[in-house]
Each structure stands twice: as C-alpha cells, then as structure tokens.
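Notes for the structure review
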Amino acid sequence: MRRLQDKVAIITGAGGGIGRGIAVRFAAEGAKVGVLDRRKSMCDAVVDEIRAAGGAALALECDVTNEEQVTAAVETLSAAFGTVNVLVNNAAVMPSGRIHETSPEDFDRCVAVNLRGAFLMSRAVIPGMLAARSGSIIHMASVTAILGLPGIAAYSMTKGGLTALARAMSTDYARLGIRVNAVSPGTIDSPMLHNFVAAQSNPELMRKAYDEMHPIGRVGTIDEVASVFVFLASDEASFVTGANYEVDGGLGVKGEQPQDKPADYPDSKASVLDI
Ligand SMILES: NC(=O)c1ccc[n+]([C@@H]2O[C@H](COP(=O)([O-])OP(=O)(O)OC[C@H]3O[C@@H](n4cnc5c(N)ncnc54)[C@H](O)[C@@H]3O)[C@@H](O)[C@H]2O)c1
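A brief look at the structure comes next. (Residues numbered from 1 in each chain as written. Predicted model: local features only at pLDDT ≥ 70, side-chain atom pairs only at ≥ 80, totals over all residues. Heavy atoms only, no water.)

Attention now goes to the site of the ligand. Taken together, 26 residues are adjacent to the ligand, and I18, D37, N90, Y155 and S190 come closest. One of the backbone N or O atoms of I18 is found 2.8 Å from an oxygen atom in the ligand. Residue D63 places a side-chain N or O atom 2.9 Å away from a nitrogen atom belonging to the ligand. With the chains in place, 93% of the 830 Å² that the ligand exposes on its own is no longer accessible. If you map the ligand onto the pockets, it falls in the largest pocket. For the shell around the ligand, the elements supplying multiple residues, two or more each, are α1 (17-28), α4 (104-132) and α6 (153-173). Tallied by class, the residues present in the shell around the ligand amount to 14 nonpolar, 7 polar and 5 charged. (Near = heavy atom within 4 Å. Polar contact = N/O pair within 3.5 Å; in protein donor to acceptor, adjacent residues only side chain to side chain. Areas by Shrake-Rupley, 256 points an atom, 1.4 Å probe, with all protein chains shown as cover. 1 Å grid on protein atoms, 1.4 Å probe; cavity = no way out; pocket = protein on both sides within 12 Å on 5 of 7 lines; lining within 4 Å. Sits in = over half its atoms within 2 Å of the grid points. Helix = DSSP H or I, 4+ residues; strand = E, 2+ residues; numbered from the N terminus. Nonpolar A, V, L, I, M, F, W, Y, C, P; charged D, E, K, R; others polar.)

Shown next, in the form of structure tokens:
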C-alpha cells in the first residue's frame, strides 16, 4: 500500500520548483493530484510527467488570489477525483528589498499570493473535509519567518503569517478531523534560489555563502522537502497538528546569515563600538 493511496491532493504553485517536486512525489505515493498554477502550460508539463509515470493528475490553471478561480479549481478537481483530502499551500512570490525599497504594489501582491491565496484555498477545501471528517492542510512557510534574513522583509512577514495560520487553524479543526501544519524549509536548490542569487551583486559568492551557512554544509534538495510533505499528508501523521517542521539542515538553530549585506546595511558590531 502506497503512503497516499486514494487521497486527492491539490498543490498550489505546482507548475515548477518545489511544488512540482511535491506533486510528483504525491502521485508516486498513490495520490490523485491537482496540479495548480498560474499558467496552463506549466501545469500541463507536470501533469504529463505524472501520467507518463502511471500516476493520476489534473491541470488546474488558477490564480490563487482570485476567489472565483479558486472555487472553480477545487470543484473541477472534486468532480474528477472526489473530495479533496490534502491541500498544500505552496504558491508564493518573493519581492526582494528592504521595506523602504519595496513598493506598495509589490507588498500587496506578496500578501495576496502568499497569505490571501492560502486563505482562499483553505476556505474552498474545508467544507468537503468537514463533511468527510478528514483532511490535511499544509502551509509552505520558510525559515525566514524566524531568522530575519536581510532584504526580504515582506516575504518573511507572510511566512511568519503562515506559521501562525497553521497554529490557529489547527485548534479550530482539531476535533473535526482536519490537521493543519506548516513546513519551514531552509535554502533549497530551486528556481526561486537561482533567481534570487542571480540578482545579487556577486552571485557566485552568494551561492557559496548559502551552502556554508547551513550547519549541514549545503542547501537542501526539493526531494528532501517533498518527503516531509508526504509524511504530513499521510495517515502516519495522524497525531501531528499545529506543528511547524523546519527542514533546514539546522539553519534555524544556528541562525547565521549570508554575508552579502548592502554597503549601507547596519553593522551591529560597528554600532556597538560607536556607543
Ligand atoms: N526555494 C527555496 O529556497 C525556498 C525556501 C523556503 C521556502 N520556500 C517556499 O517554497 C515554495 C516554492 O518555492 P520555489 O522555490 O519552488 O519557488 P517558485 O517560484 O519556483 O514556485 C512558486 C510557484 O508559485 C506559483 N505562483 C505564484 N503566484 C501564483 C498565483 N497567484 N497563483 C498560482 N500560482 C502562483 C509560480 O508560478 C510558481 O510555480 C514557496 O512558498 C517558497 O516561499 C522556498
């Protein structure tokens, strides 16, 4: 028996990166998977990959900030495969820059995708889960929620919001059969990392710094993150709710940051000496 046999799972932002990895692993474990992303071509490519491996999947073109599209996506998946048992809120955008460098438009977009998206998706699947008295919702957070890494304040705020959302939702639904958890990865070898590193003043140095700052000595892989999602989605995690799993090679414990701060970024050592 595979670990997610007969479950119906919807994964947002599954057209690439970590979301794609989670969708492929879920399907390999027997789940029927809704591959949700903004562009149909992205979803189709992942659905083709899953079907070629003998799995079941459906492409769901959807902007998670749009309530009508979210409702339609959940209805389409339920009509094809049955009640949704598992929701992974993985879609996200990451504007970079300190707060005074972040435009209100970028801030609003970040909140809309990362938080409103998770809210709308949860809202759409919960009635079916309540009727079945069974469900697992997993919010993709980040170690940035607790570390305060420089240059991504708006993004980090939304990730902190998702860990709080998981805790709050877990108590609301604990006696009703729905478990709600968060996963906080450290740095993962993924397109999001590649794009972020490429935008830095010294990409090569930055990439090396990311490997070095993890106590394990390297960034994580998409598969290492997907493994934790498989566990939380499965019945093996039947007593796990309200948790935040740090999948970060020890980074959250160590708390070190890459040394690529802008020239005018406050240096705590200098400040102490000045006093
Ligand atoms: N890569 C890392 O190092 C890392 C570390 C910690 C947490 N995370 C989190 O993991 C998740 C996946 O990250 P990734 O590295 O694969 O990045 P990614 O940019 O490749 O994936 C994000 C996906 O979300 C989709 N998306 C964006 N806006 C959307 C919208 N409005 N509606 C539907 N889909 C939308 C994108 O099209 C994309 O496929 C994110 O939540 C990210 O914050 C990533």
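On we go from here.
Next up on the list: the pairing of strand β6 (residues 178-185). For β6, the buried fraction is high: 8 of the 8 residues fall into the buried class. With burial as the criterion, each face of β6 is covered, one bearing I178, V180, A182 and S184 and the other bearing R179, N181, V183 and P185. Alignment of strand β5 (residues 135-140) against β6, held across 6 bridges, turns out to be parallel. Residue I138 lies in a different strand from β6, and its bridge partner there is N181. Here β6 pairs with strand β7 (residues 244-247) via 4 bridges, running parallel. Bridge assignment links P185 to a residue of β7, and that residue is V247. (Buried < 20%, exposed > 50% of the residue type's maximum accessible area, 1.4 Å probe, protein only. Pairing = 2+ DSSP bridges.)

Taken as a whole, this structure holds 11 salt bridges when the rule is applied. Here R109 and D63 are joined by a salt bridge, their closest N and O atoms 3.8 Å apart. With a gap of 46 residues between them, R109 in helix α4 and D63 in the loop between β3 (56-61) and α3 (67-81) connect regions that are remote in the sequence. Measuring nitrogen to oxygen at the nearest pair gives 2.8 Å for the salt bridge that ties E224 to R218. Each of D189, R207 and D211 takes part in a single network of salt bridges with overlapping partners. (Salt bridge = Lys/Arg side-chain N within 4 Å of Asp/Glu carboxyl O.)

This brings us to the sheet that holds β6. Strand order in this open sheet of 7 strands is β3-β2-β1-β4-β5-β6-β7, and the pairing throughout is parallel. Each edge of the sheet is formed by a strand with only one pairing partner; in this case those strands are β3 and β7. With direction set aside, neighbouring strand axes in the sheet form an average angle of 20 degrees. With 3 bridges joining them, strand β1 (residues 8-12) and strand β4 (residues 86-89) adopt parallel strand pairing. (Axes fitted to C-alpha atoms, helices over the stretch in contact; angles between N-to-C directions.)

Interaxial distance between α1 and helix α9 (residues 222-233) falls to 9 Å at its minimum, and their mutual angle equals 50 degrees. Put simply, α1 runs oblique to α9. When the axes of α1 and α9 are compared, the crossing they make is right-handed. On α9, the residues that touch G17, I18, G21, I22, R25 and F26 of α1 are I222, D223, V225, A226, S227, F229, V230 and A233. The class makeup of the residues in the contact of α1 with α9 is 9 nonpolar, 3 polar and 2 charged. (Parallel < 35°, antiparallel > 145°, perpendicular 65-115°, else oblique. Left-handed = near helix turned anticlockwise from the far one by under 90°. Contact = heavy atoms within 4.5 Å.)

Contact pair α3 / α4: the axes reach a minimum separation of 9 Å and the direction vectors enclose 40 degrees. By the angle between their directions, the pair α3 and α4 is classed as oblique. Viewed along their axes, α3 and α4 form a crossing whose handedness is right-handed. Contacts from E67, V70 and V74 of α3 reach α4 at R116, L120, M121, R123, A124 and V125. Here the residues of the contact of α3 with α4 sort into 6 nonpolar, no polar and 3 charged.

Take the packing of aromatic side chains next. On inspection of all chains with the given rule, the structure shows 2 aromatic pairs. With a centroid separation of 6.4 Å and 70 degrees between ring planes, the pair formed by F196 and Y210 is classed as edge-to-face. One end of the pair, F196, is in helix α7 (residues 191-198); the other, Y210, is in helix α8 (residues 203-213), and 14 residues separate them in sequence. Summarising the burial analysis for this pair, F196 and Y210 share the class buried. Taken together, a centroid distance of 6.2 Å and an interplanar angle of 50 degrees make the contact between F231 and Y245 tilted. Remark: Y245 occurs in strand β7 and F231 occurs in helix α9; sequence separation between them is 14 residues. Its relative accessible area of 21% is what places F231 among the partly exposed residues. The exposure class assigned to Y245 is partly exposed, which follows from its relative accessible area of 28%. (Phe/Tyr/Trp six-rings, centres within 6.5 Å; stacked < 30°, edge-to-face > 60°.)

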